[in-house]
Every structure is written in structure tokens, then in C-alpha cells.
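Fold and geometry: a report
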Amino acid sequence: MELLGLYNYWVFAVLLMIGFYAVIAKANMIKKLLGLSIFQAAVFLLYITMDKVEGGTAPIIQPGVTDQVFSNPLPQVLILTAIVVGISTTALGLAIVVRIKETYGTIEEDETQRLDEQA
Amino acid sequence: MLLLFGIFLLTLLVITAVAIVRATDLFVAVMLMGIFSLLMAANFFILDAADVALTEAAIGAGISTVLLLGALALVPNRERVQHTGRWAALAVVSVTTLIIVYATLDKPRLGDPNAPVHTHVAPWYLEFTPEFIDIPNVVTAVLGAYRAYDTFGEVIVVLTAGIGVLFLLGLPNGPPHTAEDSSRTRTQNLGHHLIPQVVGRLIIPFIVLFALYVQFHGEYGPGGGFQAGAIFAAAVILYALIEGEDAALKILSPSLLKALMAGGALLYGATGLVTMLLGGNFLDYSVLADDAVAGQQWGIIIIELGVGVCVAGVLLTIYHAFAARND
Amino acid sequence: MALLLDVVSWILLSAGGAFVFIGGVGILRMPTIYTRMHAASVTDTMGTLLILLGIMLQAGLTLATVKLAAIVVFLLLTGPTASYALANAALLSGVRPELTTREPD
């Protein structure tokens, strides 16, 4: 049972490395951005896993109920802002990819490097 | 029981992530990314993070998929299959996975109430929020009052992304004024498809109403400015898909969108300045009203409004920048 | 009375789960896109309707039941619309529906 409690962290490690592999090994730029999104989602999973308390509930204080165990609200605040920052980064990255396509005609990384070295 | 369900969802997450990396058709990869975000949102809900689940569902599964599809319309959507140089990357990735797994063996197990993260400042927030701020949702209290400065920085990040996309892609200057203009720009009008048009017109008012509900009930349940901004942007994007890009630019013109973007961030900063002028610290809301607790609640409502307006403006600007671009 | 409500809601939940499973198997096994959409729409309508009815019986007469009823109306409106839009997109991009039976290969 001890190992089952660590399953979340192992899934975090696997997802982190899947996203990282997409960033470093794939040449297509949209694939790289998707890998970056998976990487960010893995980090969110790590933080939210740390906030769960056994027998707790979402941290919304009902008036009149005094002996309720709550889960930790602090990682949730951090991840709430991180999700919005993540989509801002993805949107900006997509705008750069669209401009690269218009300038070079391709979005594969090795072809753009070759075109850069020729010019 | 919930633990088993969580394990099942996590395994599905890993399978979906592997499928995203291996798909060569980028359209398929984007659709799988939407499924990945939805599974993530369900997982967050199981781990008692209701606000985060709502945000991930609205932004990750909703807006992010639309933006990726908008970009895919402008770039080639098949990836070129490559056969070289992957083994070094695979080796590095596998070794790093094993190192991280070895490091996680020291962590407290899931749900341990004696973990270090639960002992320092979080019990203080949970115990003293009814006394200082008196709103039920502790996450909104921490986001809006205790850590308001971090949230201000994050609104500025969203604004910067909007400005960046405006620099890179740009918006058309307004709705087309002449017939020659409107024949040049793309009009993805679904007017001759009756069923999506009727159903879309039926549910758009309810989506806007739901966005307003989420905005103003952020203090009593899961909700707040970020989710409300994303849901409002989704309603306008649905209108743009059904009635055409020109009609959407006519009702919310680009200058109005830029004003919304800047106005939301300005509202947030202005609240901080007003509290300084009234004698308190920057973003110390207790000076906004006679009663300190009422002042805190006023402050949270005003800054959440600023956040919602800014996020809606930025997301709509980014969508129009992609959708109105001619290729 | 509570036992009867429990039994009925368990029956509804299991039936809904069975319909979702049938829809999933259908999507995997059907040959073309139009037949797969038939299978997917089963999940959309019958599956969610029965599951949400089962949960509504469990919740009793509270505000949560009204919210669940609103979700049912919303899903019944948008699910078939999504299937229509998908079928229309497939038709417009040139996938012809197969009108004669095919030998299994």
C-alpha cells in the first residue's frame, strides 16, 4: 500500500520525461510546443498531489461545520496562476511558429537551420 | 476506491501522452491534447482541487485546443517522420526518469497529514480566513488577498503575452468597411448550416450568464476571474465560429479588445494605488471601507473583475490574431 | 423507501455504464466514420442521460438535482449538434458513405 501512495510521483516522472523527449527529439515545432505543455502539466500534477490530505475535502469553509479536515489551499493557488501562464506561453510560441512558417516556408527545425546556414 | 480511480486516470494520462508524441498527423495530436487536459482536470478534481480543475477544464481543454487549431490552420499539418538521432535522447530520458523515481521514494505518501507542506503556513490560512476575510473559498482568499501581489504579476504576464501576439501577428484595424474588403478577408460563416447556428444562438446567452456567475461567485465556491474570463472568451469564440469572423469583429472591435486588455490590468494596479493613497500598503484592502473585513471583500471583488476582464480581452485578441490572418 | 431509491439508482447507473461501454466498443469496431458516429451518439445521449438520472435520484430534492437537470438539458442540446457538425465536416471533405455491404477483411 505504501508503493500505491507513490504512484502519482512515478506518473509525474514519466510524464515529465515524455514531454522533455518531445521537446528535444522532435524536429516539428508544434510537436515541441505540445511536449512543453505535457511537461507543464506534469509539474501541475506534482504540486496538486502534494496538497491532498487523507479524508479532506476541497478548501471551502461551510458556515457552521467546524471539524472538517481540509486539503491544503496553497499549492492550488500556485497552480491556478501557473495554468494561465502556461497558456500564455503556448499562445506566444504558436504566434512565433506561424511567423517562422511565413518566413522560411517550413516548420521543421533542421530545415530552418539548413536555410539559415545557406543564407 | 477513489485511489483506484485515480490510478486508472493516471495510467490513461501516460498512454495519451505517449500517443501525442508518436502521432505524425498534428491534427490528431491536438485532439489528443484536448483529451489529455480533460483527464488532467478530472484528476485534479479527485485530488480535492476544485478551482484548479475548473481552470484546467476551461483553459486547457477549451481555449488551448481552439488556439492550437487556429495555428494549425496556418501551418502544414503533417509532421515529417525522422529516423535519425533518437537513441541518444531516449537514453538521456530513461536515465533521468530512473533518477527521479529513485528520488521520489523519499517523499511522503499520498494524503499524509503530517507531511511538511501541511505544517507551516497553510493551517494559519485555513484557521484565520473566517476572521480576517470571512469568505468561504479559501483559495480565492489566498489568491486575492494574502498573495495579491503574485496574482498582479501573473495578470501582467497574461497582458505581456497578448502584447507579444499583437506585435507578431497583429489584428485587422477594424471590421471591413467596403465590400471589396470583406471579399478579401475570410468569412468562415456557418450560415447555411442550420443546426449549429440555431443551437449556438440558443446557448451563447447562457454561456455568458455562466461566465458572470463564475466571476461573482468566486468567493463562495470554485470560480474567480481566470475561469470567468476564459468562459466569456469561449462564448465569443463560438459566436465568431458560427456567424463569421467579421460579425465577431463588429461586435467587439479590436480597439475595444485592446482597451479591455489594458483596462483589466489597470484596474488591478489602480486598486493597489488607491489603497496606498488611503494610507495602507500596496494592495492592503482593509483601508477600502470602514470595516476591515468588508474592505477585504470589496478589494477581492474589484481585483477579480480586473483579472476576468484582462484574461477575456487577451484570449479574444489572441484568437482573432490567428483566425483573421490571411495566408 | 430509501432502499428502493438506492436500488433504482444502482440499476440506472449500471445501465448507463453498459451503454457507455457499448458505445466504446462500437467506436473501435465499426468500419467507417459514419457508422462510428452512430456508436458515439449512443454514449452521448443514453449513457449520460441514465447516469445523470441515477445521480439525481441519489441526490434527492436539493439544489444539486436542479443543476444536474440543467446539465442534462445542455448535453441533450449540444451532443447531437456536435455529431451533426462532425458528419457534415466529413461529408464536405469528401468521405462518401458506403451504401453497400462490404466483405469483412
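Analysis parameters
Residues numbered from 1 in each chain as written. Chains lettered and ligands numbered in written order. Predicted model: local features only at pLDDT ≥ 70, side-chain atom pairs only at ≥ 80, totals over all residues. Helix = DSSP H or I, 4+ residues; strand = E, 2+ residues; numbered from the N terminus. Buried ≥ 20, exposed ≤ 12 C-beta atoms within 10 Å, placed from the backbone. Contact = placed C-beta atoms within 7 Å. Rg over C-alpha atoms; globule rule 2.2 N^0.38 Å. Axes fitted to C-alpha atoms, helices over the stretch in contact; angles between N-to-C directions. Parallel < 35°, antiparallel > 145°, perpendicular 65-115°, else oblique. Left-handed = near helix turned anticlockwise from the far one by under 90°. Nonpolar A, V, L, I, M, F, W, Y, C, P; charged D, E, K, R; others polar. Expected span 1.5 Å × (residues − 1). Bend = angle between axes of the 7 residues up to and from the residue. pLDDT = per-residue confidence, 0-100.

1. Here's the deal with the overall build of chain A
Of regular secondary structure, chain A possesses four helices and zero strands. Overall, chain A shows an N-to-C arrangement of helices and strands of α-α-α-α. Taken over the C-alpha atoms alone, chain A extends approximately 70 × 35 × 15 Å along its principal axes. Among the 119 residues that make up chain A, the fraction classed as buried is 54%. Long-range pairs, those at least 24 residues apart, make up 48% of the contacts in chain A with a sequence separation of at least 6.

2. Looking at the overall build of chain C
For chain C, the count of helices and strands is three helices and zero strands. Its helices and strands in sequence order give chain C the pattern α-α-α, from N to C terminus. A globule of 105 residues ought to have a C-alpha radius of gyration of about 13 Å, yet chain C, at 17 Å, is considerably larger. C-alpha extents for chain C along the principal axes are approximately 55 × 25 × 15 Å.

3. Remarks on the packing of helix H3 (residues 74–104) of chain A against helix H7 (residues 148–168) of chain B
Helices that pack against each other are described as a pair by the angle of their axes relative to one another and the distance between those axes. Look at H3(A) against H7(B): their axes get within 9 Å of each other, and the N-to-C directions meet at 15 degrees. Compared by their axis directions, H3(A) and H7(B) come out roughly parallel. Taken as a pair, H3(A) and H7(B) cross one another with a handedness that is left-handed. Of H7(B), the residues touching H3(A) (which contributes Thr81(A), Val84(A), Val85(A), Ser88(A), Ala91(A), Leu92(A), Ala95(A), Ile96(A) and Arg99(A)) are Asp150(B), Thr151(B), Glu154(B), Val157(B), Val158(B), Ala161(B), Gly164(B), Val165(B) and Leu168(B). Grouping the amino acids of the contact of H3(A) with H7(B) by side-chain chemistry returns 11 nonpolar, four polar and three charged.

4. Brief notes about the arrangement of the chains
Ranking the two pairs of chains in contact by contact count places chains A and B at the top. Regarding chain A and chain C, which are not in contact, the minimum distance between any of their C-alpha atoms is 16 Å.

5. Quick word on unusual backbone geometry
All names here are of chain B. Phi at Asp134 takes a positive value of approximately 60 degrees, unusual for a residue other than glycine. Position of Asp134 among the secondary structure elements: in the loop between helix H5 (122–132) and helix H6 (138–146). Given 15 C-beta atoms within a 10 Å radius, Asp134 is considered partly exposed. The residue Leu283 is not glycine, and still its phi comes out positive at about 60 degrees. For Leu283, the location among the structural elements is in the loop between helix H12 (254–277) and helix H13 (292–323). The buried category is assigned to Leu283, around which 22 C-beta atoms lie within 10 Å.

6. Topic: the environment of Gly16(C)
Residue and element names in this part refer to chain C. Residue position: Gly16 is located in helix H1 (residues 2–29). Measuring from C-alpha to C-alpha, the distance between Gly16 and Leu86 comes to 24 Å, with 70 residues separating the pair along the chain. Ignoring any residue separated from it by four or fewer positions in sequence, one finds Gly16 in contact with Gly47, Leu50, Ile51 and Gly54.

7. Section: the interface of chain C and chain B
At the junction of the two partners, chain C supplies six residues and chain B supplies six residues. Residue composition of the side of chain C that touches chain B, grouped by class: three nonpolar, three polar and no charged.

8. Things to note about helix H2 (residues 33–59) of chain C
Residues and elements named next belong to chain C. For H2, with 27 residues, the first-to-last C-alpha span of 38 Å sits near the 39 Å given by 1.5 Å per residue. Gly47 marks the point of greatest bend in H2, at about 25 degrees. Listed in full, the buried residues belonging to H2 are Ser41, Asp44, Gly47, Leu50, Gly54 and Met56. Among the residues trailing H2, Gly60 stands out with phi positive, at a value near 75 degrees.

9. Concerning the interface of chain B and chain A
Taken residue by residue, the interface counts 78 residues in chain B and 70 residues in chain A. Secondary-structure elements contributing two or more residues to the side of chain B that touches chain A are helix H1 (2–22), helix H2 (26–46), helix H3 (50–72), helix H4 (86–104), H5, H6, H7 and H13 of chain B. In terms of residue class, the side of chain B that touches chain A is made up of 53 nonpolar, 14 polar and 11 charged.

10. As for the packing of H3(A) against H6(B)
Remark: H3(A) packs on H6(B), axes separated minimally by 9 Å, with the N-to-C direction vectors making an angle of 60 degrees. Considered as vectors, H3(A) and H6(B) are oriented oblique to each other. In this structure, the crossing between H3(A) and H6(B) has a hand that is right-handed. For the pair formed by H3(A) and H6(B), the contact residues are Leu74(A), Gln76(A), Val77(A) and Leu80(A) on the first element and Val139(B), Val142(B) and Leu143(B) on the second. Of the residues contributing to the contact of H3(A) with H6(B), the split by class is six nonpolar, one polar and no charged.

11. Re the confidence of the model for chain C
In the predicted model, chain C carries a mean pLDDT of 86, and the fraction of residues at 70 or more is 95%. Overall fold confidence for the complex sits at a pTM of 0.90, while the interface term, ipTM, reaches 0.93.

12. A short note on the environment of Pro63(A)
Following the sequence through the fold, Pro63(A) ends up in the loop between helix H2 (29–50) and H3. Spatially, the C-alpha atom of Pro63(A) lies 55 Å from that of Ala27(A), the residues being 36 residues apart in sequence.

13. Some details on the environment of Thr160(B)
Mapping Thr160(B) onto the fold places it in helix H7. Remark: the alpha-carbon pair of Thr160(B) and Ala41(B), spanning 119 residues in sequence, is separated by 26 Å.

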